Each structure stands twice: as structure tokens, then as C-alpha cells.
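A structural walkthrough
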Amino acid sequence: DAGVTQSPTHLIKTRGQQVTLRCSPKSGHDTVSWYQQALGQGPQFIFQYYEEEERQRGNFPDRFSGHQFPNYSSELNVNALLLGDSALYLCASSRPPGGGNTIYFGEGSWLTVV
Amino acid sequence: AQKITQTQPGMFVQEKEAVTLDCTYDTSDPSYGLFWYKQPSSGEMIFLIYQGSYDQQNATEGRYSLNFQKARKSANLVISASQLGDSAMYFCAMRETLSGGYNKLIFGAGTRLAVHP
């Protein structure tokens, strides 16, 4: 049973560029959430996708956008990258979206903006 | 606002000893869930244990147990018989229910555990 998978694992981008991160949820999960974890801090909620729509959003600018596909996989896009966007980006999958104790994370994507 | 507090930036424990990692939470919702995750240096957030607010008994998962004291709003993680592989960052998190029935996790700042041989 595959867990949550994310790609790429590591990437380096230049300020002003755009980046796309990808996530495949755990088998049987249909809800995907994205979190940003800056160095030395706990993860912060970016947004949550369910049935291919953004359902909830944290305190992140519109430069952060996402998408969920019919197979429940998801993408996180960040435009006009800033140095402060350097962080570990974690994808979490769950089912159902409203509760339960089945929230699993992937290994994350380490983004460095230079 | 809902909040998770982990007051121990770092903890040390001798191999094979037990250790308690503290977590306090603040919420006005009667229904909530509390999670503990382990994060090794690789970055993956590994699920350890879950406690629901209505669960009558403290959760246990192998060497992990959760000391849930609802009146004190604390959910401490107890790791028994520590192993060298337990050295990692540990995060306490609370599930916050949002509008429409959706949810997000609110994390504490984490506690770095070092297990010494």
C-alpha cells in the first residue's frame, strides 16, 4: 500500500521563478492538504483540496495556487518566488476531509530559492 | 484562536529509558483531535498516535502512549524504552474543524529529542 508520495524531493530555484510541486495521496484517500514548514518551525497550513476544488485556505498570498486531479493527486504552484519561500513543503492526505485520525504526510519537497 | 504549545525545545534521554514530551492545547471546540508526529532529518512527517477529544481511554501505539488530561488541556507523548532511532523532532498537532466541515492541522513548534547510548 503506497503512502503519500511527493516530487521532486529537492529543488533550487531563482527569485522570480515559478515552481510546481506534486503529490499523490495514500491509496483510498481523496483529500489533499499542503503545508509549508520553514526551518526550525512547525508546518503551516496552505490549503486543502477535495473533489478537485480548493476548500480551505490558510494565510498565504495568491502566489500560492493549487490543483487537484480526478485521480486525487495534487499540485502546488508558487509564482514569483521570494527568498522567504525557501522551506519544506509537505503534502498530507486524508479521508474523509472533515475528520478522522487518518492524516498522513509525504516525505516533502525541499525548496531553496536563491 | 486554537493553539498548540510545546515548551521543550530539546530533550535528552538515555537509551532504554522512558521520556515524556509535553504538549498543551487551547480550543473552544468540544470536538477535536490531537496528533503526534515524528520528523527525522529527512523531513518526512511520520504519524505516531492520535487521541480524539471524546475518547475515554488514553491512546497507545506500541512504545508510544498519549497521556491525555482533558481538564488540563494537555496531551503529552510518552515514549517507553527509548531507542537510538527515536532521535528526531517531535510535533504535537491539533485538528481544527473549519467551515464546511473541512479541517486543518495546527502544529506546535516541536521538541527535538536526542537519545544517548
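Everything here concerns the structure above.
Quick notes on the rules
- Residues numbered from 1 in each chain as written.
- Chains lettered and ligands numbered in written order.
- Predicted model: local features only at pLDDT ≥ 70, side-chain atom pairs only at ≥ 80, totals over all residues.
- Heavy atoms only, no water.
- Helix = DSSP H or I, 4+ residues; strand = E, 2+ residues; numbered from the N terminus.
- Rg over C-alpha atoms; globule rule 2.2 N^0.38 Å.
- Buried < 20%, exposed > 50% of the residue type's maximum accessible area, 1.4 Å probe, protein only.
- Contact = heavy atoms within 4.5 Å.
- Buried area = accessible area lost by both parts, 1.4 Å probe.
- Salt bridge = Lys/Arg side-chain N within 4 Å of Asp/Glu carboxyl O.
- Polar contact = N/O pair within 3.5 Å; in protein donor to acceptor, adjacent residues only side chain to side chain.
- Nonpolar A, V, L, I, M, F, W, Y, C, P; charged D, E, K, R; others polar.

Across its full length, chain A carries zero helices and 11 strands. Ordered by position from the N terminus, the helices and strands of chain A form the series β-β-β-β-β-β-β-β-β-β-β. Its C-alpha atoms give chain A a radius of gyration of 13 Å, near enough to 13 Å, the size a compact globule of 114 residues would have. Considering only C-alpha atoms, chain A reaches an extent of 40 × 25 × 25 Å along its principal axes. Going through the 114 residues of chain A one by one, you find that 50% of them count as buried.

Turning next to the interface of chain A and chain B. Tallying the contact residues gives 24 residues for chain A and 22 residues for chain B. In terms of surface lost to chain B, no three residues of chain A exceed Gln56, Ile103 and Phe105 of chain A, which account for 26% of the buried area on that side. Linking chain A with chain B are zero salt bridges. Here chain A is connected to chain B by six residue pairs in polar contact (both at pLDDT 80 or more). Elements supplying a minimum of two residues to the side of chain A that touches chain B: β4 (31–37), β5 (44–50), β6 (53–57), β9 (87–94) and β10 (103–105) of chain A. Classifying every residue of the side of chain A that touches chain B by side-chain character gives 11 nonpolar, 11 polar and two charged.

A word on the pattern of salt bridges. The full count for this structure, using the stated rule, is nine salt bridges over all chains. The closest approach of N and O atoms between Arg63 of chain B and Asp86 of chain B, which form a salt bridge, is 2.8 Å. A residue pair is termed long-range when its members are at least 10 positions apart, and Arg63 of chain B in the loop between β7 (60–61) and β8 (64–69) and Asp86 of chain B in the loop between β9 (74–79) and β10 (88–97) qualify at 23 residues. Judged by relative accessible area, Asp86 of chain B falls into the buried class, the value being 2%. A single network of salt bridges, built from pairs that share partners, joins Glu51, Glu53 and Arg55 of chain A.

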